[in-house]
Amino acid sequence: MFTDTHCHLFKEYYPDLSLVISNAKNAQVTRFINNGTNLENNQEILELINKEPNMYGAIGIHPEALPNYTEAHLKFIEKNLTNNKVIAIGEIGLDYHYSKEFKEEQLKLFNAQLKLAEKYNLPVIVHSRDATEDTINTLKKYHIRGVIHSFSGSLETANIYLKMGFLLGINGVITFKNANLKDVIKKIPLTSIVLETDSPYLTPEPYRGTLNEPKRIIDIANFICNLYNISLEELSKITNDNIKRIFDI
Ligand code: NI
């Protein structure tokens, strides 16, 4: 059994969510952590986790949602952190890929959500793109745990995050032909990774170009099993133990 620790399962991408969930189940993917990025999809997550027994929620405001962000959104997040199926604050972080124009606002929002994580003793699911140094320096200010989502950095960066107690979220990027991520991942212990799809994005090879779904966890898992020369059962056990150390599932 596997868990998709990072997906975005919303009606706008998946009109038939029950089919997506049964497809996943048929591929041994039985649990989902649905990650919010803005007020609207955080609200959708709260409805979905109420209905779906094997779906958990990470709620948070993504840096890309800043243009529509108001402080009322943060109050909404805080109000719902005591829901026992909300198991993390995410997807939150820093993204300087397109522009550093809103750097100060991004840092302010990231810090505010990390403070909540500390206050409510919840893990965080962190998005960091072209912002490694600021991400590390910001996370270091708090006593928190969590996952560095879609990790694709160097071995040196991986080791810094591991020393800080974070896990690395590994997705379809590891299967991309030009990615050297597999060389980095081969050198770190399996006790430091969790599997994720980031559905509907980042579909693994050989399915790139199609809509991603949580069922593709099995393709990522098979790829990693080949890399480490272990069985799916072993990988399932290790990654589920890793999840248990970080998340209250
Ligand atoms: Ni994501």
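What counts as what
- Residues numbered from 1 in each chain as written.
- Predicted model: local features only at pLDDT ≥ 70, side-chain atom pairs only at ≥ 80, totals over all residues.
- Heavy atoms only, no water.
- Donors = N, O, S within 2.8 Å, 3.2 Å for Na, K, Ca; no water.
- Tetrahedral: all angles 85-135°; square planar, octahedral: opposite > 155°, others 65-115°.
- Helix = DSSP H or I, 4+ residues; strand = E, 2+ residues; numbered from the N terminus.
- Buried < 20%, exposed > 50% of the residue type's maximum accessible area, 1.4 Å probe, protein only.
- Salt bridge = Lys/Arg side-chain N within 4 Å of Asp/Glu carboxyl O.
- Pairing = 2+ DSSP bridges.
- Right-handed = clockwise from strand over helix to strand, strands pointing away.
- Axes fitted to C-alpha atoms, helices over the stretch in contact; angles between N-to-C directions.
- Contact = heavy atoms within 4.5 Å.

## Points about the coordination of the nickel ion
Six octahedral donors around a metal ideally make angles of 90 or 180 degrees; four tetrahedral donors ideally make 109.5 degrees. In this structure, His6 (NE2), His8 (NE2), Glu91 (OE) and Asp198 (OD) serve as the protein donors to the nickel ion, at separations of 2.1 to 2.2 Å. Between the four donor atoms coordinating the nickel ion, the angles at the centre fall across 80 to 172°, so the site counts as irregular. Expressed as a motif, the donor residue spacing for the nickel ion is H-x1-H-x82-E-x106-D. Taken together, the residues histidine 6 in strand β1 (residues 2–7) and aspartate 198 in the loop between β8 (193–195) and α8 (217–228) connect sequence positions 192 residues apart. Each member of the pair, histidine 6 as well as aspartate 198, is classed as buried.

## Focus on the pattern of salt bridges
In this structure the tally under the stated criterion is seven salt bridges. Arginine 129 serves as the salt-bridge partner of aspartate 95, at 3.9 Å between the closest nitrogen and oxygen. Residue aspartate 95 is found in strand β4 (residues 86–95), and its partner arginine 129 is found in strand β5 (residues 124–129); the two are separated by 34 residues along the sequence. What makes arginine 129 partly exposed here is its relative accessible area of 30%.

## Re the pairing of strand β7 (residues 167–170)
Here β7 shows two buried faces, one formed by Leu167 and Gly169 and the other by Leu168 and Ile170. One ladder, built from two bridges, connects strand β6 (residues 146–148) with β7; its direction is parallel. Considered in β7, the bridge of isoleucine 148 is made with leucine 168. Note on the crossover from β6 through helix α6 (residues 155–163) to β7: the handedness is right-handed.

## Description of the sheet that holds strand β2 (residues 29–35)
Taken together, eight strands build an open sheet; the order of strands is β1-β2-β3-β4-β5-β6-β7-β8 and the sheet is parallel. With partners counted over all chains shown, the strands left at the sheet margins are β1 and β8, one partner each. For this sheet the average axis-to-axis angle between neighbouring strands, irrespective of direction, equals 30°. Of the pairings in the sheet, the one linking β1 to β2 comprises four bridges and is parallel in character. Opposite cysteine 7, over in β2, you have asparagine 34 as the bridge partner. Sitting on the sheet, helix α9 (residues 232–246) is in contact with β1, β2, β6, β7 and β8, with an inclination near 55° to β1.

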